[in-house]
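Residue-level structure breakdown
For reference, the chains in residue letters:
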Amino acid sequence: MEVAQGALLGLVVENRLEITNCFPFPKHDDTMDEEEYQLDMMRRLRRVNVDHFHVGWYQSADVGNFLSLPLLESQYHYQTSIEESVVVIYDTKKSARGFLTLKAYRLTPQAIAMYKENDYTPESLKNLKIGYESLFIEVPIVIRNSPLTNIMMSELSEMIPEEEGCKFLDLGTASVLEGQLRSLMDRVDELNQEAIKFNRYQLLVVRQQQEKHRWLLKRTQENAARATKGEPPLPEEDVNKLFKPHPVPQRLNPMIVAGQINTYSQHISQFCSQSLAKLYLTQALQNAKEAKQNN
Amino acid sequence: MCIRTVMTYASPVFAHAAPKALHRLQVIQNKFCRAATDAHWCVRNSILHRDLELPTISKYMKDASKRFFDIAGSHPNALYARRLTINRRIPPTLSVGHETYLPIHLTLLQRQLKDLMTSTTRMTDLEREGNRPVTVSCDILCRDDFHQASSIAHVTRRRHSHVPSGRTRFDAVGFSEMALNLVVKVHPVVLFQIVDAYERRNADSHRVIGTLLRTSDKGVVEVTNCFCVPHKEHEDQVEAELNYAMDVYELNRRVNAMENIVGWWATGNEVTNHSSVIHEYYSRECREPVHVTLDTSLSGNRMGLRAYVCVALGVPRGKQGCMFTPINVELITYEPELVGLQLCQKTVGGGGRSRQVQPMLDLAQVAEAASKLSGLLDQVLAYVEDVVAERVQPDNEVGRQLLELVNSVPNLAADAFADAFASSVKDLLMVVTLAQLIKTQLQLNEKLTLLTSQ
C-alpha cells in the first residue's frame, strides 16, 4: 500500500513538543536525493520564519497496518539522532468515515535497546522485559490554534453548511467490519504460522536434548567399560560437535504482528461500541415513533 | 495665441469636461478670430478657422493631450522608470499624483461591462445609449494607461476607431466571459497556511504574499495548496523574491506533480497599488492568474475572503491597463478535511478564548452528536409549540421542511425493526467478545513464549 510520509517541524517548549508545520516527502525515487530535498525545503521554510527544527515525521495508515519493521527502523534512527522526535500516524480510512484519528508514538527505551543490540531471541527479549505492548508508547495529542486562526475558523464555519460532516452517523457497519475482521484474520494466521514455527523449534530443542542425554549416557557407559579395560576415556566434548544447536527463531516479526493484532482488536472494539451507540439511538427514535402511532 | 495657451492650460486634465463647457471656450475663440480678421458676419466660423489655419479648441486639446501622453510614456525621469528587483519596469504613470499608479474607481463601469459580456440585450441597450458617460468608483484599481480617463469614462464598442479628444474608451479586450464567471474554490488548509504565514511575518512587514497552487479547470479554480513568498514593499517598489517562489514551486512539484501555479494570495482587505505589479509577474507563470485576499487585519471585524481576476482594459492601439474584478469565492472540502476542521473548530472556546482539544474517541463523538441532535430537536419542538400557541408567525416554507423531515424517518414495522436491531446488536457484541478474546490470547502467547525459553 502506498503511504504518504513527511517531516514535522516544530520545537520543544518545556515538557511539550509543539508541532507547527510539516512538509511532505517525495515518493520514493532513485533519481533524486531525498536528504537534499529535505534540507532544501527546510531552508526555504526557515526563510519565511517557519520553525525549522525537525522533530519527527508523519505517515498515513489504514487501521493498524502502520506497525511494521520499516517504521520501527525509521523511528529508531529518528529518535537516536533527534531525541524528541515522534511519529504521527493518520488513519486515512477512518478519518474518511468521519472519525479523525491522529496518534503520536515514540519508541520505548527498551525497544531502542533491543534494536541497538539487534538481538531478537526470546531470551534477550525476556531480559529487556519487552513485549508487543511495550514497543511503542503513545503520546497524547492536543490541538491548539492561535486566536487569529480561531477567528478565521469562525468565519469558515459560516461557509460550511450545517448538515455536512455527519457521515459518522451512518448506520451501516457490515463493510467496515468485514474489512477489519478480514485483516485481523490475516494477521492472526500470520501469528499462528510464527507460533507453529516456534513450537517446532521447541520440539527440536527438546528432542536434541534427549538425544544429547542419551549420547552422554552411552559415552559414560563406554568410558566406564574402557576404564575397566584400562583404556583412556573417550572425550565427552564431542557432544557439541555432534549436536549443533538449532538456530533460535527471531521473535521480532511475531512481536510486530502481535502489535498489529492488538491495534486491530482495539479498533474493532471501538467501532463496535460506537455502532452500538448509534443502534440504540435509532431504537429510541423508533420507540418514540411507535409510541406516537399507538396513541 | 497666448490667450489660447491660457485657455487650454492643463487641458489633459479637464479635457473630458462636458462638451457644453468646452463649447463656451470655442465661442470665445470664435469671437477673437472674428475680431482679428474683421470678417463679415456671414463668414462661417469653420471658414475662419480654415483660413487662419487654426485648429478648433477640441482638436487642439486632443493633439495636446496626445503629445503629452506620448511624452509621459517614454519619459526618462526616474519617477517613471522605477524598477522592480527583477529588473522589470513599472509602466509610467500620469504625473497628476505622485504615486506610481493612478487608482481609478470603476464599479459601475465594471458592472456595465460585465452585463455587456453576459447579455446581448444589454449590449443593444448600451449601443442605443451610445456614449453615455459613466461614473465609476471604488474597488477597482486601474493601472497607468488610464491617464486619459479619470472620473468620467465612456463605454463604447470597439468599432469606433477614433478617439474623441480627452475621452477614453474602455475596450472589452481581455474581457472573456470565463474570467468573470470564474469561481475560486479554496480548501481550508490554504487559509490556515495564509494565517500562519501572516503570524510569522517579519516584524517590519504589514503584508504577506504567496503563491496559490492547483490545476485550474474550466470555470473553476480549485486551490489546494499555497506557500509564502518573502517580499518587501516600499513606497514606490516591490521586492519579491521570485527565485524563492520558483524554487519552492519546483520542490513542491516533486511531491505533487499535479499542482500548478494558479495565482497568488495576499493578506489585507484591499488590492493595493503594488498588487498589479505582482499580478503581472504571475500572469507570466500561468494563464489568467487569480488573486485571493484574506483580511488578517480584520477591518470591519471580519476576516473577509475575496478573490479577483485581473481584466485587461485599454485604449485601442494604445496602452493596456488592467482592473481587478471581484469574482466568487467558495470553500470546498474533502470529507476528511471537513472532519479535521470540525475538530479544530472546537478550539474556539466560549468568550472568544482559545483552548485545547484532543481527538475524541469514537463513542464520545457519537454521544456529542446525539446531544447536539436532541438540542436541535428541542429547538424545532419549541418552534412548533410556539406556532401552535400562535406566539410566532408561521412560515410555510419551514412547515414544509418539517413535514419532509418527519416523513424521512423510515417507516419500519415494529417487529421488523426489532429483528434487525437484535441481529445487529448480537453481531456487534459477538465481534467485541472475539476481539477481547484475541487480545487475551495474544498476551497468553507472549507470556508462554518467554516462559518456555529458559
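In this text the structure is predicted, and so the values were computed from the model without any measurement.

Procedures and definitions
Residues numbered from 1 in each chain as written. Chains lettered and ligands numbered in written order. Predicted model: local features only at pLDDT ≥ 70, side-chain atom pairs only at ≥ 80, totals over all residues. Helix = DSSP H or I, 4+ residues; strand = E, 2+ residues; numbered from the N terminus. Buried ≥ 20, exposed ≤ 12 C-beta atoms within 10 Å, placed from the backbone. Contact = placed C-beta atoms within 7 Å. Pairing = 2+ DSSP bridges. Right-handed = clockwise from strand over helix to strand, strands pointing away. pLDDT = per-residue confidence, 0-100. Axes fitted to C-alpha atoms, helices over the stretch in contact; angles between N-to-C directions. Core = buried A, V, L, I, M, F, W, Y, C linked by C-beta atoms within 7 Å. Expected span 1.5 Å × (residues − 1). Arc of directions from axis to C-beta.

1. A closer look at the overall build of chain B
Counting its regular elements, chain B contains 15 helices and 13 strands. With 454 residues in all, chain B has 30% of them scored as buried. Taking contacts inside chain B between residues at least 6 apart in sequence as the whole, the part at least 24 apart equals 65%.

2. Observations regarding the overall build of chain A
Helix and strand content of chain A: 9 helices and 6 strands. By residue count, 26% of the 295 residues in chain A fall in the buried class. Within chain A, contacts between residues separated by at least 24 positions form 71% of all contacts whose residues are at least 6 apart in sequence.

3. Focus on the pairing of strand S10 (residues 261–267) of chain B
Residue and element names in this part refer to chain B. Along S10, 6 of the 7 residues are buried, which leaves the element largely enclosed by surrounding structure. When strand S4 (residues 209–213) meets S10, the two strands line up antiparallel, connected through 5 bridges. Residue Gly 210 lies in a different strand from S10, and its bridge partner there is Trp 265. Where S10 lies against strand S11 (residues 290–294), 5 bridges are found, and the strand directions are parallel. Within S11, the position partnered with Trp 265 by the bridge is Val 292. In this fold, the crossover linking S10 to S11 by way of helix H11 (residues 275–285) has right-handed handedness.

4. A word on the environment of Gln237(B)
By the secondary structure assignment, Gln237(B) is in the loop between strand S8 (231–233) and strand S9 (238–240). Along the primary structure Gln237(B) and Asn273(B) are separated by 36 residues, whereas in three dimensions their C-alpha atoms are 9.6 Å apart.

5. Notes on the interface of chain B and chain A
With 67 residues of chain B at the interface, the matching set in chain A holds 77 residues. Mapped by element, the contributors of at least two residues to the side of chain B that touches chain A are helix H9 (188–199), helix H10 (242–255), helix H12 (335–344), helix H13 (362–388) and helix H15 (414–452) of chain B. It is H15(B) that contributes the most residues to the side of chain B that touches chain A, 18 residues altogether.

6. Points about the confidence of the model for chain A
Residue-level pLDDT values for chain A average 85, and 97% of them are 70 or greater. The lowest-confidence element of chain A is helix H8 (residues 238–242) of chain A, averaging 74 in pLDDT; the highest-confidence one is strand S4 (residues 86–91) of chain A, averaging 91.

7. Points about the sheet that holds strand S3 (residues 53–61) of chain A
The strands making up a sheet associate through backbone hydrogen bonding, with each pair oriented either parallel or antiparallel. Residue and element names in this part refer to chain A. Ordered by their spatial adjacency, 6 strands build an open sheet running S2-S1-S3-S4-S5-S6, and the pairing between neighbours is mixed. Each edge of the sheet is formed by a strand with only one pairing partner; in this case those strands are strand S2 (16–24) and strand S6 (136–139). Looking at each pair of strands side by side, their axes are set apart by 35° on average, direction ignored. Packing of helix H2 (residues 69–81) onto the sheet brings it into contact with S3, S4 and strand S5 (102–107), and relative to S5 it is tilted by some 70°.

8. Considering the nonpolar core
In terms of nonpolar packing, the biggest core is built from 99 residues, with Val184(B), Ile194(B), Leu212(B), Trp265(B), Val290(B) and Val292(B) touching the most fellow members. Dropping the residues within four chain positions of it, Leu212(B) is found in contact with Val190(B), Val223(B), Cys226(B), Val262(B), Gly263(B), Trp264(B), Trp265(B) and Val292(B).

9. Description of the pairing of strand S3 (residues 183–186) of chain B
All names here are of chain B. Residues Val 184 and Val 186 point to one face of S3 and are all buried, whereas Val 183 and Lys 185, pointing to the other face, are not buried. Bridge count between S3 and strand S6 (residues 220–223): 4 bridges; the pairing is parallel. Across the sheet, the residue bridging to Val 184 is Val 221, located in S6.

10. Brief notes about the environment of Lys244(A)
Considering the arrangement of structural elements, one finds Lys244(A) in the loop between H8 and helix H9 (252–294). Placed 36 residues apart in sequence, Lys244(A) and Gln208(A) show a C-alpha to C-alpha distance of 9.0 Å.

11. Details of H10(B)
Here H10(B) spans 21 Å end to end across 14 residues, near enough to the 20 Å set by a 1.5 Å rise per residue. Residues of H10(B) that are buried: Ala245(B), Val248(B) and Asn252(B). What you see down the axis of H10(B) is that its buried residues fit within an arc of 70°, all on one side. Across from the buried face of H10(B), at angles greater than 90 degrees, the exposed residues are Asn243(B) and Glu250(B). Buried residues belonging to H10(B) abut helix H1 (34–47) of chain A together with S4 and strand S7 (225–229) of chain B.

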